[in-house]
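# Structural features, examined
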Amino acid sequence: MRRILFILVILMLWRCGNPSVNPDDLHYLNGYWEIAEVEFPNGAIKEYGINPTIDFIQIEDGKGFRKKLKPQFDGTYDTSKDVESLSTATTNGSILLRYSTPLSEWEEKLVQLDSLSFSVVNDEGVTYRYNRFEPIKIPQ
């Protein structure tokens with residue numbers, strides 16, 4: 001009985017330590033997202049309440065873009081012409097999001113993804129958690 005319990009605990013710890021994202025779920029990234037919190041390597045967490053900007057992500061066949069938007073009270077969005085090219089890659093069983101602009105390139109490892117949230121971790125070990133953006137609806 002102890003052996004079975006030991007094996008179950010090891011399997012649970014291994015699974016929790018190695019979360020995986022199904023490549024078939026990448027379509028969930030399409031849409032509007034707002035940052036919920038940032039977790040730093042030292043364990044400190046910065047939570048976000050109301051965000052002045054949100055991200056719009058569009059990916060098809062492993063390529064797409066991410067753009068920053070400012071939601072307006074009338075349901076529209078203000079945006080700049082800045083856009084980050086985005087591509088996906090699979091390395092050692094992990095899905096990487098690779099970004100590029102005319103000035104920089106970087107990547108983040110996708111560690112969690114579903115229809116309502118996703119998380120990425122960057123090269124510095126900073127984890128960003130996003131929630132699906134829900135526009136504020138003001139009755140007219």
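These notes cover the structure that comes with them. Bear in mind that the values here come from a model prediction, so they are computed numbers and not experimental data. (Residues numbered from 1 in each chain as written. Predicted model: local features only at pLDDT ≥ 70, side-chain atom pairs only at ≥ 80, totals over all residues. Heavy atoms only, no water.)

### Re the pairing of strand E10 (residues 127-132)
Looking down a regular strand, the side chains alternate between one sheet face and the other. Here is the rule we go by: Strand pairing requires that DSSP identify at least two bridges connecting the strands. Per the convention used, a helix needs a DSSP run of H or I reaching at least four residues, while a strand needs a run of E reaching at least two, with both numbered from the N terminus.
Of the strand pairs in this sheet, strand E1 (residues 31-39) and E10 are connected by six bridges, and their pairing is antiparallel. Its bridge partner lying in E10, Glu39 is registered against Thr127. The hairpin formed by strand E9 (residues 117-122) and E10 contains four residues between the paired strands, and Gly125 there has a positive phi angle of roughly 85°.

### Description of the packing of aromatic side chains
Applied cut-off: Each pair of aromatic rings taken from Phe, Tyr and Trp, with Trp reduced to its six-membered ring, is defined by centres within 6.5 Å and is described as stacked if the planes are under 30 degrees apart, edge-to-face if over 60, and tilted in the remaining cases. For each residue, the accessible area found with a 1.4 Å probe, counting protein chains only, is set against the maximum for its type, and the residue is called buried under 20%, exposed over 50%, and partly exposed in between.
Applying the stated rule across the entire model yields six aromatic pairs. With a centroid separation of 4.8 Å and 50° between ring planes, the pair formed by Tyr32 and Phe56 is classed as tilted. Placement of Tyr32 in strand E1 and of Phe56 in strand E3 (residues 54-60) is noted, with a sequence separation of 24 residues between them. Classification of Phe56 by relative accessible area gives buried; the value is 18%.

### Quick notes on the side chain of Lys67
Using the following cut-off: Positive charge is attributed to Lys and Arg, negative charge to Asp and Glu, and no charge count is given to His or to the chain ends. In the sections that follow, a salt bridge refers to a side-chain nitrogen of Lys or Arg positioned within 4 Å of a carboxyl oxygen of Asp or Glu. Two N or O atoms count as a polar contact when they lie within 3.5 Å, although within protein this holds only if one can serve as hydrogen donor and the other as acceptor, and sequence-adjacent residues are included solely when both atoms are side-chain atoms.
Within the fold, Lys67 resides in strand E4 (residues 63-71). Buried within the structure, Lys67 lacks any salt-bridge partner; Asp82 is the closest side chain of opposite charge, at an N-O distance of 6.9 Å. A polar contact is formed between the side chain of Lys67 and the backbone oxygen of Asp82, at a distance of 2.9 Å.

### Quick word on the pattern of salt bridges
Inspection of the entire model under this criterion finds six salt bridges. Salt-bridge contacts for Glu37 lead to Arg129; the nearest nitrogen and oxygen are separated by 2.8 Å. In this pair, Glu37 sits in strand E1 while Arg129 sits in strand E10, placing the two residues 92 residues apart along the sequence. Using a relative accessible area of 18% as the deciding quantity, one classes Glu37 as buried.

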